[in-house]
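Residue strings, one per chain:
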Amino acid sequence: MTLRRALLAVASAALGIVLIAWLIKVSNIDLRVTAQQLRNVSLIAFAKLVALNVLLVYFSSEKWRSIDAAWRRSSDSVPSRTTSFTLTSAGLALGMLLPVQIAMATARTLGTYVQGRPLKRGTAGTLLEQGFDLLTVAFLAVASWATWFYSGGAMMWTWSALAMTALALLAVSPSIRLIRWLAASYNARTAAPRNRILRSFWELQHSGVLNASLARRLVMLSMGRFCVVVLMQIQTAEAIRVHISLWQMAAAIPFVIIVSVIGLTPGGLGVNELAAVTALKVFGTPLAVAAQWALANRILIAVSYFLVAAGAAIMLGCKKIMAPRAPDAMQDR
């Protein structure tokens, strides 16, 4: 790591800490109360959070596997579901320390290094997969904005979100045709770039990724992932016995996800919390309640991410250890 990068990393971490400190001061949070709430989290509540986290990893893993299946060559090895799940859970855990896009791409790129074309399958595949998440929440952010603008409530946000989901699915086919046309026009004028990542996107026109049915599947998986994210946030609120309305959380989360793309601080520390508290307050949640939840949510989510990643790594390790013994067991029979 160069001196410049080291200084940027320190400055980024310092900014996150400053934002958290400012949030604590503005909202008058009693850290002793928050610590007590965290100590009193029941095992049942935390188990529910971990179960939702497993479902979240599954959705993300299936999205990446769908893209990889359309992108890889016949000569490339196919990552198992266990491997894909482990790499995805590791990326989410690293995303608490690094920008989530970089963390996920790094984990998957390293994980597919021995399986062929890691930059395309790991890095570009992850960026494309996460692009659908961003596209999905962008549509849902419109529903949230409309609900705020017209001073609506749970019913308005729900119907607006359903309408925007339908619009996103309807927009898939014309968007694919437009991208194919743009790719064809670009390829007709330009030779293939030397940069591997740029070349991966240059090859989109000739891949199975630009497929309307695949894109619709990815949108639906992204919607499922969004619902799980909202339920996880609600579960952390319930774990510390803080009430936040389900629709208010769902309306606020799109803006948090969009802000997290900026990646100013490690794992979005401070930035995500500030965005969540601001959005929740806009939709009617008291500032103190939102801020108290945001701090506890950071800790509980981080613990669950690392716990699931560790469990997945152990499961994958056991599977690899047992795999060579399977043929021997069959021969003994």
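Structure: above.
My aim in this report is to walk through the structure given alongside it, one point at a time. (Residues numbered from 1 in each chain as written. Predicted model: local features only at pLDDT ≥ 70, side-chain atom pairs only at ≥ 80, totals over all residues. Heavy atoms only, no water.)

1. Examining the nonpolar core
(1) Moving on: By size, the foremost hydrophobic cluster in this structure holds 78 residues, and its most contacted members are Trp157, Met232, Met249, Trp293 and Tyr305.
(2) Moving on: At 14 residues, helix H10 (residues 212–239) tops the list of elements feeding residues into this core.
(3) Moving on: Tryptophan 157 has contacts with Leu140, Ala143, Ser144, Thr147, Phe226, Trp247, Ala250 and Ala251, leaving out every residue within four places of it along the chain. (Core = buried A, V, L, I, M, F, W, Y, C linked by side-chain atoms within 4.5 Å. Buried < 20%, exposed > 50% of the residue type's maximum accessible area, 1.4 Å probe, protein only. Helix = DSSP H or I, 4+ residues; strand = E, 2+ residues; numbered from the N terminus. Contact = heavy atoms within 4.5 Å.)

2. A few points about the pattern of salt bridges
(1) Moving on: Scanning all chains against the criterion turns up eight salt bridges.
(2) Moving on: Two residues, aspartate 133 and arginine 225, come together in a salt bridge whose shortest N-O distance is 3.7 Å. You can see aspartate 133 sitting in helix H6 (residues 118–149) and its partner arginine 225 sitting in helix H10, a full 92 residues away along the chain.
(3) Moving on: One network of salt bridges, in which partners are shared, links Glu62, Arg65, Arg81 and Arg217. (Salt bridge = Lys/Arg side-chain N within 4 Å of Asp/Glu carboxyl O.)

3. A closer look at the packing of helix H12 (residues 271–282) against helix H13 (residues 287–322)
(1) Moving on: Put simply, H12 and H13 touch, their axes get as near as 9 Å, and they point 145° apart. As for how H12 packs across H13, the hand of that crossing is right-handed. For the pair H12 and H13, contact is made by Asn272, Glu273, Ala276, Val277, Leu280 and Lys281 and by Leu287, Ala290, Ala291, Trp293, Ala294 and Arg298, respectively.
(2) Moving on: Class assignment of the residues belonging to the contact of H12 with H13 gives a composition of eight nonpolar, one polar and three charged. (Axes fitted to C-alpha atoms, helices over the stretch in contact; angles between N-to-C directions. Left-handed = near helix turned anticlockwise from the far one by under 90°. Nonpolar A, V, L, I, M, F, W, Y, C, P; charged D, E, K, R; others polar.)

4. Observations concerning the environment of leucine 87
(1) Moving on: For leucine 87, the position within the fold is in helix H4 (residues 81–94).
(2) Moving on: Leucine 87 gets classed as buried once you look at its relative accessible area, which sits at 12%.
(3) Moving on: Beyond its immediate stretch of four places on either side in the chain, leucine 87 contacts Trp64, Met104, Ala107, Arg108 and Gly111.

5. A look at the packing of helix H3 (residues 43–71) against H10
When two helices pack together, their arrangement is given by the angle between their axes and by how far apart the axes lie.
(1) Moving on: Where H3 contacts H10, the two axes come as close as 9 Å, and the packing angle between them is 165°. When the axes of H3 and H10 are compared, the pair comes out roughly antiparallel. Crossing of H3 against H10: the hand is left-handed. (Parallel < 35°, antiparallel > 145°, perpendicular 65-115°, else oblique.)

6. Notes on unusual backbone geometry
(1) Moving on: Of note in this structure, asparagine 28 is not a glycine but carries a positive phi near 55°.
(2) Moving on: In this fold, asparagine 28 is placed in the loop between helix H1 (3–27) and helix H2 (31–39).
(3) Moving on: In this structure, serine 151 is a non-glycine residue whose phi angle is positive, near 50°.
(4) Moving on: For serine 151, the location among the structural elements is in the loop between H6 and helix H7 (154–170).
(5) Moving on: Classification of serine 151 as exposed rests on a relative accessible area of 66%.

7. Section: the environment of leucine 287
(1) Moving on: By the element assignment, leucine 287 lies in helix H13.
(2) Moving on: A relative accessible area of 26% places leucine 287 in the partly exposed class.
(3) Moving on: Considered as a pair, leucine 287 and isoleucine 29 are 258 residues apart in the sequence and their alpha carbons are 9.8 Å apart.
(4) Moving on: Sequence-distant contacts of leucine 287, defined by excluding residues within four places in its chain, comprise Val26, Ser27, Val277 and Lys281.

8. Details of a nonpolar patch on the surface
(1) Moving on: On the surface, Leu94, Leu97, Leu98, Ile102 and Phe306 cluster together to form a nonpolar patch covering roughly 430 Å² of accessible area.
(2) Moving on: Residue placement: isoleucine 102 occurs in helix H5 (residues 100–111). (Patch = residues over 30% accessible without salt bridge, like charges linked within 9 Å, V, L, I, M, F, W, Y side chains within 5 Å. Areas by Shrake-Rupley, 256 points an atom, 1.4 Å probe, with all protein chains shown as cover.)

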